[in-house]
Amino acid sequence: MKTKGTLQNIPSWQKLLLAVFLVIMAFVVSVILMAPTKMIIEDECWLVRIGQLYTSVFVFIVAPMLYNHFTSQKSILERVGFDNKPNKKAVIFTVFSMLFISAIIGALAKLNQSIQFPEWLEESIKAMEDDAAKLTIQIIATSNPLTILFNLILIGLIPAIGEELMFRVLIQNKLQRTMAIWLAIIVTSIIFSAMHFQFYGFIPRFALSVWLGILYFWGRSTWLNSIAHFTNNVMGVGSYYIYKLATGEWPSVSEMESMDAGEDLGIVSYIVMSGLFALCVFMIYKNTRANEGTNINKETQQTETCD
């Protein structure tokens, strides 16, 4: 029986319910799969890694792929713009942009961490933050090269593909049909940051998502934003391994918070880093959108917002 695109013409609210249902079912499947996994694997750290793998793959990759299958005639590769590969300059400046934006993200993290919540709420938020930090340490705490490679795939590559598929291709692309591009990027970024359930990192994660959304729109595919997402994740994981090499110990929860906020670079360094980031932004724009005619831009915008 043909199921491809069978729900393409249902109302938007029904598509939303379908998306929520698929995400919930994907999460349930990932939980169910942990039962036989626990019978095979006894190591607690590996159970955490496998559990994270199940959740990431089923929630952020399988669920969006199923949603696309039922609601669109396009293949998932068409939707992500797989054939629309960026030029080398755009890729290089995208990677460098993540190096320079780290200073801005660190400053925003400091600002976010300084926000005072009501005491009853702060305790709950802090507990969630601590649990997330402990989970991260459980995943990355290893000196085995093969496990480190697995961790880079788990924390770096899979989210860079899956989260960009869900938040950019499905959510942002959907919103672009009903509102201005900049507003679609902002709304998507609010959802992106909120769904991580780490409120002391909400502002920097929101800012990062805005940049990823811009890269997606400029690049007309998920190549640049996925590369940027992967670079950001690898830099974050790499900082913990560098800390371990330097101190001989894995960072504590409080030390992880300090690492996320970064060191106080001073006003001059922030200005220089921001200037270099602005240069990367200009060069990426120049190598993606600036050289195309107005008519081509309009045609592309119409194409990329179609199912």
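Residues numbered from 1 in each chain as written. Predicted model: local features only at pLDDT ≥ 70, side-chain atom pairs only at ≥ 80, totals over all residues. Heavy atoms only, no water.

(A) Here's a closer look at the confidence of the model for the protein chain. Taken over all residues, the pLDDT of the protein chain has a mean of 88, while the share at 70 or more is 91%. Residue range residues 293-307 is modelled with pLDDT below 50. Its contacts to residues more than four positions away, or to other chains, number 24 contacts. (pLDDT = per-residue confidence, 0-100. Contact = heavy atoms within 4.5 Å.)

(B) A look at helix H6 (residues 145-175). The end-to-end C-alpha separation of H6 is 42 Å, in line with the 45 Å expected for 31 residues at 1.5 Å each. At Pro159, H6 shows its strongest bend, of approximately 40°. The distance from a side-chain oxygen at the start of H6 to the backbone nitrogen of Leu146 is 2.8 Å, and the residue carrying that oxygen is Asn144. (Helix = DSSP H or I, 4+ residues; strand = E, 2+ residues; numbered from the N terminus. Expected span 1.5 Å × (residues − 1). Bend = angle between axes of the 7 residues up to and from the residue. Polar contact = N/O pair within 3.5 Å; in protein donor to acceptor, adjacent residues only side chain to side chain.)

(C) Layout of a nonpolar patch on the surface. On the surface, Ile267, Val268, Ile271, Val272, Leu276, Leu279 and Phe282 cluster together into a nonpolar patch covering about 690 Å² of accessible area. Mapped onto the elements, Ile267 comes out in helix H11 (residues 267-286). (Patch = residues over 30% accessible without salt bridge, like charges linked within 9 Å, V, L, I, M, F, W, Y side chains within 5 Å. Areas by Shrake-Rupley, 256 points an atom, 1.4 Å probe, with all protein chains shown as cover. Salt bridge = Lys/Arg side-chain N within 4 Å of Asp/Glu carboxyl O.)

(D) Layout of the environment of Phe202. For Phe202, the position within the fold is in helix H8 (residues 202-219). Spatially, the C-alpha atoms of Phe202 and Gln113 are 9.5 Å apart, while their sequence positions differ by 89 residues. The contact partners of Phe202, leaving out residues within four places of it in the chain, are Asn112, Ile190, Ser193 and Ala194.

(E) Summary view of the pattern of salt bridges. Counted under the stated rule, the structure contains 2 salt bridges. Ionic pairing is found between Asp130 and Lys126, a salt bridge with its closest N-O pair at 3.9 Å. Residue Asp130 and its partner Lys126 are located together in helix H5 (residues 119-140), separated by 4 residues, close to a single helical turn. Arg168 serves as the salt-bridge partner of Glu164, at 2.9 Å between the closest nitrogen and oxygen. With Glu164 and Arg168 both in helix H6 and 4 residues apart, this pair spans about one turn of that helix. The buried category is assigned to Arg168, whose relative accessible area is 0%. (Buried < 20%, exposed > 50% of the residue type's maximum accessible area, 1.4 Å probe, protein only.)

(F) A look at the packing of aromatic side chains. Tallying each qualifying case throughout the model produces 9 aromatic pairs. Aromatic side chains Phe96 and Phe100 sit 6.3 Å apart centroid to centroid with 20° between the ring planes, which places their arrangement in the stacked category. Note that Phe96 and Phe100 are positioned in helix H4 (residues 88-113) at a spacing of 4 residues, about one turn of the helix. Aromatic pair Phe167 and Phe192: ring centres 5.1 Å apart, planes at 80°, arrangement edge-to-face. Here Phe192 lies in helix H7 (residues 181-194) and Phe167 lies in helix H6, a separation of 25 residues in the sequence. Each member of the pair, Phe167 together with Phe192, is buried. (Phe/Tyr/Trp six-rings, centres within 6.5 Å; stacked < 30°, edge-to-face > 60°.)

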